[in-house]
Structures are given as C-alpha cells and as structure tokens.
Amino acid sequence: MAVCARRRGEGLELDILRLVSLFDRPANKSAVNALRWAPRIPGLTHRIVEADDTQRMKAIVRLQRARLLDAPRQGDPDTLNAHPLVREYFGQQL
C-alpha cells in the first residue's frame with residue numbers, strides 16, 4: 001500500500017482513499033457528501049472540496065481501475081467501498 005500511495009503522490013486520489021477509510025463499510029453517497037462540503041477538514045478534504053464533480057469522478061474511476069476502490073455496485077453506483085485492508089492502511093495514515 002505504501003508503494004501505491006507514493007506512486008499516486010499527495011492529491012485527490014489519496015484524499016478519496018483516506019475519506020473512504022473513515023467508514024467500516026461501504027460509504028453511501030449522503031455520508032460521503034456530508035464530508036465533501038465545507039467546512040474543510042485540514043489534511044483530509046480540502047482537495048475534495050476544491051475539486052469539481054468531473055475531477056472527483058475521474059479520480060474515483062482511476063482508483064477503481066487500480067482496484068483500490070471497488071467497482072460501482074449494481075443499483076447503487078454512488079456508494080464507495082474499498083477492501084478492508086485498503087481502508088485500514090489509509091485509516092492508519094490519518
């Protein structure tokens with residue numbers, strides 16, 4: 001995970017992974033949105049708040065292609081989920 005994090009560098013993708021790590025189960029859209037909007041949480045959501053919807057979706061798709069986030073679920077495409085080990089690693093980084 002550390003190698004993967006270094007390759008991605010500090011940015012929107014790592015912030016999304018850290019955000020998902022706050023949850024112990026799939027994060028639904030309303031829960032994620034509650035953390036996406038101002039006020040910003042320093043070191044966690046400032047890039048997420050500043051990014052527009054297109055930038056956020058592109059980052060999510062890149063994370064899904066890298067298999068760091070699960071693919072969208074049928075009937076619930078806005079839910080974000082990651083393997084428990086991914087959530088644990090990035091949760092510890094917070």
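As shown above, the structure is provided for reference.
Residues numbered from 1 in each chain as written. Predicted model: local features only at pLDDT ≥ 70, side-chain atom pairs only at ≥ 80, totals over all residues. Heavy atoms only, no water.

Student: I'm lost on the overall build of the protein chain in this one. Help?
Tutor: A count of helices and strands for the protein chain gives 6 helices and 0 strands. Helices (α) and strands (β) of the protein chain occur, in sequence order from the N terminus, as α-α-α-α-α-α. Taking 94 residues into account, the globule formula puts the C-alpha radius of gyration at 12 Å, and the protein chain, at 12 Å, falls close to it. C-alpha extents for the protein chain along the principal axes are approximately 30 × 30 × 25 Å. (Helix = DSSP H or I, 4+ residues; strand = E, 2+ residues; numbered from the N terminus. Rg over C-alpha atoms; globule rule 2.2 N^0.38 Å.)

Student: Could you clarify how one ought to interpret the side chain of Gln 64 in this entry?
Tutor: Within the fold, Gln 64 resides in helix H5 (residues 53-65). We classify Gln 64 as buried; its relative accessible area is 18%. When residues no more than four places from it in sequence are discounted, the contact partners of Gln 64 are Leu 69, Asp 70, Ala 71 and Pro 72. (Buried < 20%, exposed > 50% of the residue type's maximum accessible area, 1.4 Å probe, protein only. Contact = heavy atoms within 4.5 Å.)

Student: Teacher, can you tell me more about H5 here?
Tutor: Since the α-helix packs 3.6 residues into each turn, any two residues three or four apart lie on the same face. Taking 1.5 Å per residue as the helical rise, H5 with its 13 residues ought to reach 18 Å, and the 18 Å between its terminal C-alpha atoms agrees with that figure. For H5, every residue scored as buried is listed here: Arg 56, Ala 59, Ile 60, Leu 63 and Gln 64. The arc that holds every buried residue of H5, seen down its axis, measures 140°, which confines them to one face. Summarising the geometry of H5, the exposed residues directed more than 90 degrees from the buried face are Lys 58 and Arg 65. Buried-residue contacts for H5 involve helix H1 (2-8), helix H2 (12-20), helix H3 (29-36) and helix H4 (46-50). Two to three positions downstream of the cap, the backbone nitrogen of Thr 54 sits 3.1 Å from a side-chain oxygen, assigning the N-cap of H5 to Asp 52. (Expected span 1.5 Å × (residues − 1). Arc of directions from axis to C-beta. Polar contact = N/O pair within 3.5 Å; in protein donor to acceptor, adjacent residues only side chain to side chain.)

Student: What exactly am I supposed to notice about H2 here?
Tutor: Burial within H2 is extensive, with 9 of its 9 residues counted as buried. Three or more residues of H2 are buried, namely Leu 12, Glu 13, Leu 14, Asp 15, Ile 16, Leu 17, Arg 18, Leu 19 and Val 20. Turning to H2, the residues buried within the fold contact H1, H3, H4, H5 and helix H6 (84-93).

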